[in-house]
Amino acid sequence: MIKSNKLKIFNDPIYGFIRIPNTLIFDLIADPFFQRLRRISQMGLSYLVYPGAHHTRFHHALGCMHLMRKAIQVLRFKQVALTKEEEEGLLIAILLHDIGHGPFSHAMEHSIVEGVNHEHISLCFMQELNKKFEGKLTLAIEIFNGNYPKKFLNQLVSSQLDMDRLDYLKRDSFYTGVAEGNTNAERLITMLNVVNGELVIEEKGIYSIEKFIMARRFMYWQVYLHKTGVAAEQLLMRILKRSKELILRGEHLDCSKNLKFFLENKIDIDNFDLDTLVRFSKLDDIDILSAIKNWQESSDFVLSQLCQMVINRRLLQVKVKNEPISEIKLEKHFNDFKTENDLTDEETNYFVFTGEIKNKAYDRDYQPINILKKNGRVVDIVKLSDYLKIKTLSKTVSKYYICYPKDYV
């Protein structure tokens, strides 16, 4: 008798051994749509700031599935009704929740496909996989979309305390070495419960929630919104924008066939069909990096300089302020670089620009984190926490930045 090879174990640096629960999930992981996530960086170009941040969406998806299994075990122990079908639907929904990410994850979300977010593309992938697997993903799609009657199932996949956030904070903290972002995911999961069909945290877990919210704030300012990382992502988006402009002018640029398709055509929500989805599934970080390496030699000054900046990590200078950048300061850097390189205003805009970054650690309007008190009452953590900063963290904090080439300070 030949043994099944479909219950493999992955050795994860965060959680140890992660077991694949059944053959359907094994087959989904083995599918080329999902295997592509091995070639999609979890944190975009953050490795230019934190050299260890080379982990992928593949790592993250498996980690989320592992945490979901833990959450299911905890809820069942607390007598929360969960069928085998719902368990499988939850595991598939969280496994595939990020399958729609494009190259370098969030960095290029609206650059390759206009006005289409990764959640929509994830849904497209899930629907296509559902056809391939003869309807076995139908329940997972209902949970993913929030259409399933048991609201807490969707909350485990997408909320302010979902398995996605629990994994990426712990994982990104580990790979960047930023200890402030580390959270006790296991402790938080142990405190989960369900009241009136909605996810809650038992009162004894309130301090873990406070630490979780603070960790999220630290990770956004120190990692996800790090000024150098922001500058690198801006360069990446500008490279794609410039390459599209040049191709529309009739210029030839060497790149992969599938990348060229997205550069030559305007793809948006209205024409994102199956053919486009298949082409998108063949795009990953390698296509972009290969193109950027080639385009360093472009005769176009703007494109070649932008590409060299990314490849050689000769990034733009970034200044971050609490107030909007003054027009006088912007004009000075703009005119200096424009004059020095004999550029047009349009060309100079690629190198000298301003922007805004926002951080909101806890969003009270988006599925608040509810605490289950010992007397059975359910209360928003903001009202219950004695940590006053939680109220402050529910407000949006904005900072403003200016980018300009270092050689022309």
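In the block above lies the structure referred to throughout.
Model, not experiment: these values are computed from the prediction.

Draft legend 1. View of helix 3 (residues 57-77). Taking 1.5 Å of rise per residue, 21 residues should cover 30 Å, and helix 3 covers 30 Å from first to last C-alpha, within 8% of that figure. Across the 21 residues that make up helix 3, a large majority, 16, are buried. After helix 3 finishes, the residue Q79 shows a positive phi value of roughly 70 degrees.

Draft legend 2. Fine view of the nonpolar core. Residues L95, L156, M163 and L192 are the most contacted members of the largest nonpolar core, which totals 139 residues. Per element, the largest residue contribution to this core is 11 residues, and it comes from helix 3. Once residues within four sequence positions are removed from consideration, L95 is found in contact with I25, L28, I29, F34, A61, L62 and M65.

Draft legend 3. Fine view of the sheet that holds strand 4 (residues 198-202). If you trace the 4 strands from one edge of the open sheet to the other, you get 3-4-7-8, paired in mixed fashion. Edge positions in the open sheet fall to strand 3 (192-195) and strand 8 (378-380), since each of these has one partner strand only. When the angles between neighbouring strand axes are averaged without regard to direction, this sheet yields 50 degrees.

Draft legend 4. Region of interest: the pairing of strand 3. Relative to strand 4, strand 3 is paired through 4 bridges, and the arrangement is antiparallel. Along strand 4, the bridge assignment pairs V195 with E198. Taken together, strand 3 and the strand that follows it, strand 4, pair antiparallel across an intervening segment of 2 residues, in which N196 is found at a positive phi of about 55 degrees.

Draft legend 5. Quick peek at the environment of D285. On the secondary structure map, D285 appears in helix 14 (residues 285-295). Between the C-alpha atoms of D285 and R38, which are 247 residues apart in sequence, the distance is 9.8 Å. Not counting chain neighbours up to four residues away, the residues in contact with D285 comprise R39, I40, S41, P103 and F104.

Draft legend 6. Main features of the sheet that holds strand 6 (residues 353-359). Pairing in this open sheet of 3 strands is antiparallel, and the strands run 5-9-6 from one edge to the other. Both edges of this open sheet fall to strand 5 (317-321) and strand 6, since each of them pairs with a single strand only. Strand-to-strand twist across the sheet, computed as the mean angle between neighbouring axes with direction ignored, equals 25 degrees. By the bridge criterion, 5 bridges tie strand 5 to strand 9 (residues 397-404) in an arrangement that is antiparallel. If you follow V320 over to strand 9, its bridge partner there is Y401. On the sheet, helix 16 (residues 327-341) packs against strand 5, strand 6 and strand 9 and is oriented at approximately 25 degrees with respect to strand 9.

Draft legend 7. Here's a closer look at a positive patch on the surface. There is a patch of like positive charges on the surface, built from K227, K319, K321 and K329. With respect to the helices and strands, K319 occurs in strand 5.

Draft legend 8. Expanded view of the pairing of strand 2 (residues 16-19). With 4 bridges connecting them, strand 1 (residues 9-12) and strand 2 associate as antiparallel partners. Paired with N11 across the bridge in strand 2 is F17. Here strand 1 hands over to strand 2 after 3 residues, the two strands then running antiparallel side by side.

Draft legend 9. A look at the packing of aromatic side chains. Applying the stated criterion to the full structure yields 12 aromatic pairs. For the pair Y168 and Y224, a centre-to-centre distance of 5.9 Å together with 80 degrees between the ring planes defines the contact as edge-to-face. Of this pair, Y168 sits in helix 8 (residues 163-176) while Y224 sits in helix 10 (residues 206-224); the two residues are 56 residues apart in sequence, bridging distant segments of the chain. Accessibility assignment for this pair places Y168 and Y224 in one class, buried. For the pair F174 and Y175, a centre-to-centre distance of 5.1 Å together with 85 degrees between the ring planes defines the contact as edge-to-face.

Basis of the calculations
- Residues numbered from 1 in each chain as written.
- Predicted model: local features only at pLDDT ≥ 70, side-chain atom pairs only at ≥ 80, totals over all residues.
- Heavy atoms only, no water.
- Helix = DSSP H or I, 4+ residues; strand = E, 2+ residues; numbered from the N terminus.
- Expected span 1.5 Å × (residues − 1).
- Buried < 20%, exposed > 50% of the residue type's maximum accessible area, 1.4 Å probe, protein only.
- Core = buried A, V, L, I, M, F, W, Y, C linked by side-chain atoms within 4.5 Å.
- Contact = heavy atoms within 4.5 Å.
- Pairing = 2+ DSSP bridges.
- Axes fitted to C-alpha atoms, helices over the stretch in contact; angles between N-to-C directions.
- Patch = residues over 30% accessible without salt bridge, like charges linked within 9 Å, V, L, I, M, F, W, Y side chains within 5 Å.
- Areas by Shrake-Rupley, 256 points an atom, 1.4 Å probe, with all protein chains shown as cover.
- Salt bridge = Lys/Arg side-chain N within 4 Å of Asp/Glu carboxyl O.
- Lys, Arg positive; Asp, Glu negative; His and termini not counted.
- Charge placed at Lys NZ, Arg CZ, Asp CG, Glu CD.
- Phe/Tyr/Trp six-rings, centres within 6.5 Å; stacked < 30°, edge-to-face > 60°.

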